[in-house]
Amino acid sequence: MTLDKVRQRAESDAKTYGYYLNPDADFLRDLLEGLKKNEERYGYPSCPCRVASGKLELDRDIICPCDYRDPDVAEFGTCYCALYIRKDVLEGKTPIAPVPERRPQEKQVRAYAVAPEVGVEKPPEAAKAVSPEPSQVKKRLWYCRQCGYVVYREDPPYVCPICKAKREMFAEIVVSASASG
Amino acid sequence: MNKIKVPGKNNKHKVLIYAISTCAWCKMTKKFLSDNSVEYECVDVDLSSDEDHEKIRQDIESKGAPPSYPTIIVDGKTVITGFRKDLIKKALEI
């Protein structure tokens, strides 16, 4: 995997979902180098700003683009690493600032606890008194009214990855289940 | 634990950074400290053993902070999560 390939993959993903890559060339290169290194050492491009366990089943949610990118960009304007950013951030209307960790504590602890017999003596409550929590948003079903593309996430994407319709073209699918009979 | 000591003229405070070697924010933090001639110790968490991972996590959490990187610990008590220049400047009086 060359650095150019890593860059192309990120660029293509940003374009598909209506995001932009960090405009600071050095910062961006550092992140892409980090993704390349992780792909080399773990076999998949896990988040360069998080500790990975090296076990795919524990790291799946932090493989870039991670599960937290969309809600982080929606709430803070950038993902946790500031690799993916929103248009207003690119235009300098919103500053880039550190994003609090949204990954659930239990997933982080599991990744750390891969080494056997560690962290046992500590009650999990001890770790709770921490940082401002990013808001918990519930995932919903959305469909593109132009092409019918369906997605399950907190908010619809900025652009439809299939037909490039804008976010406004998305509508929520409300599923109602009746429990009669 | 493999701590790398980076010398600097400003050694008024004891500064420890827990970082990730691939993280651009961590790199920026290290550069900021070096640019300000601050002496510091650094541990790259992803290059440490699993056992050390756990020790680092417990150290950070025992100080009431989340295990997010970079974490900057000043004089063993002030904990700054993330590259927050204003907080770092204030804690280091620079």
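Residues numbered from 1 in each chain as written. Chains lettered and ligands numbered in written order. Predicted model: local features only at pLDDT ≥ 70, side-chain atom pairs only at ≥ 80, totals over all residues.

**Some remarks on the pairing of strand β5 (residues 78–81) of chain B**
All names here are of chain B.
(1) Moving on: The pairing of strand β4 (residues 71–74) with β5 spans 4 bridges and is classified as antiparallel. Across the sheet, residue Ile72 finds its bridge partner in β5, namely Ile80.
(2) Moving on: Taking the residues between adjacent antiparallel strands as the criterion, β4 and β5 are bridged by 3 residues, where Asp75 takes a positive phi near 55°. (Pairing = 2+ DSSP bridges. Helix = DSSP H or I, 4+ residues; strand = E, 2+ residues; numbered from the N terminus.)

**Quick notes on the environment of Lys89 of chain B**
All names here are of chain B.
(1) Moving on: Secondary-structure assignment places Lys89 in helix α3 (residues 85–92).
(2) Moving on: Residue classification places Lys89 among the exposed positions, given that 12 C-beta atoms sit within 10 Å.
(3) Moving on: Counting along the chain gives 53 residues from Lys89 to Asn36, while the straight-line C-alpha distance between them is 9.7 Å. (Buried ≥ 20, exposed ≤ 12 C-beta atoms within 10 Å, placed from the backbone.)

**A closer look at the sheet that holds strand β3 (residues 140–144) of chain A**
Residue and element names in this part refer to chain A.
(1) Moving on: Strand order in this open sheet of 3 strands is β4-β3-β5, and the pairing throughout is antiparallel. If you trace the sheet from one side to the other, it starts and ends with β4 (150–153) and β5 (170–172), each paired once. Within the sheet, the average angular offset between the axes of one strand and its neighbour, ignoring direction, is 35°.
(2) Moving on: As paired strands, β3 and β5 are joined by 3 bridges and run antiparallel to one another. When the bridges of β5 are listed, Trp142 appears paired with Glu172. (Axes fitted to C-alpha atoms, helices over the stretch in contact; angles between N-to-C directions.)

**Observations concerning helix α4 (residues 69–76) of chain A**
All names here are of chain A.
(1) Moving on: What α4 keeps buried is the set Arg69, Asp70, Asp72, Val73 and Phe76. What you see down the axis of α4 is that its buried residues fit within an arc of 165°, all on one side.
(2) Moving on: Of the surrounding elements, those touching the buried residues of α4 are β2 (84–85) and β4.
(3) Moving on: Among the residues trailing α4, Gly77 stands out with phi positive, at a value near 95°. (Arc of directions from axis to C-beta. Contact = placed C-beta atoms within 7 Å.)

**Notes on the nonpolar core**
(1) Moving on: Within the largest apolar cluster, 52 residues are counted, with the highest numbers of intra-cluster contacts made by Cys81 of chain A together with Ala19 of chain B.
(2) Moving on: Grouped together as the second largest cluster of nonpolar side chains are 5 residues, Trp142, Val151, Cys160 and Phe170 of chain A included. (Core = buried A, V, L, I, M, F, W, Y, C linked by C-beta atoms within 7 Å.)

**Remarks on the domain arrangement of chain A**
Residue and element names in this part refer to chain A.
(1) Moving on: According to the domain assignment, chain A consists of domain 1 (3–127) and domain 2 (140–172).
(2) Moving on: Taken together, the contact pairs 7 residues of domain 1 with 7 residues of domain 2.
(3) Moving on: Of all elements in the fold, only α1 (3–17) and α4 reach the threshold of two or more residues within the side of domain 1 that touches domain 2.
(4) Moving on: Top element by residues in the side of domain 1 that touches domain 2 is α4. It accounts for 3 residues. (Domains from an automatic or database assignment.)

**A look at the pairing of β4 of chain A**
Residue and element names in this part refer to chain A.
(1) Moving on: Pairing of β3 with β4 involves 4 bridges; the strand directions are antiparallel. Across the sheet, the residue bridging to Tyr143 is Val150, located in β4.
(2) Moving on: The hairpin formed by β3 and β4 contains 5 residues between the paired strands, and Gly148 there has a positive phi angle of roughly 90°.

**Describing unusual backbone geometry**
The general pattern is negative phi for most residues beyond glycine and trans for most peptide bonds.
(1) Moving on: Following Cys64 of chain A, the chain continues into Pro65 of chain A via a peptide bond in cis, with omega recorded as -5°.
(2) Moving on: Inspection of the secondary structure puts Pro65 of chain A in the loop between α3 (56–59) and α4.
(3) Moving on: Between Tyr69 of chain B and the following residue, Pro70 of chain B, the backbone shows a cis peptide bond with an omega angle of 5°.
(4) Moving on: The residue Glu93 of chain B is not glycine, and still its phi comes out positive at about 55°.
(5) Moving on: In this structure Glu93 of chain B comes out as exposed when scored by C-beta crowding, with 9 C-beta atoms within 10 Å.

**Here we look at α1 of chain A**
(1) Moving on: An ideal rise of 1.5 Å per residue puts 21 Å on 15 residues; α1 of chain A measures up with 22 Å between its terminal C-alpha atoms.
(2) Moving on: Looking one or two residues beyond α1 of chain A, the residue adopting positive phi is Gly18 of chain A, at roughly 80°. (Expected span 1.5 Å × (residues − 1).)

**Some words on the sheet that holds β5 of chain B**
Residue and element names in this part refer to chain B.
(1) Moving on: If you trace the 5 strands from one edge of the open sheet to the other, you get β1-β3-β2-β4-β5, paired in mixed fashion. At either margin of the open sheet sits one strand with a lone partner, and together these are β1 (4–6) and β5. In this sheet, adjacent strand axes meet at a mean angle of 20° when their direction is disregarded.
(2) Moving on: The sheet contact formed by β1 and strand β3 (residues 40–44) spans 3 bridges and is antiparallel. The partner of Lys5 across the bridge, within β3, is Glu41.
(3) Moving on: Relative to strand β2 (residues 15–19), helix α1 (residues 24–35) is tilted by about 160°, and along the sheet it contacts β1, β2, β3 and β4.

**Observations regarding the confidence of the model for chain A**
(1) Moving on: For chain A, mean pLDDT is 87; residues scoring 70 or higher make up 85% of the total.
(2) Moving on: Overall, residues 115–131 of chain A carries pLDDT values under 50, and its contacts beyond four positions in sequence, including any with other chains, amount to 22 contacts. (pLDDT = per-residue confidence, 0-100.)

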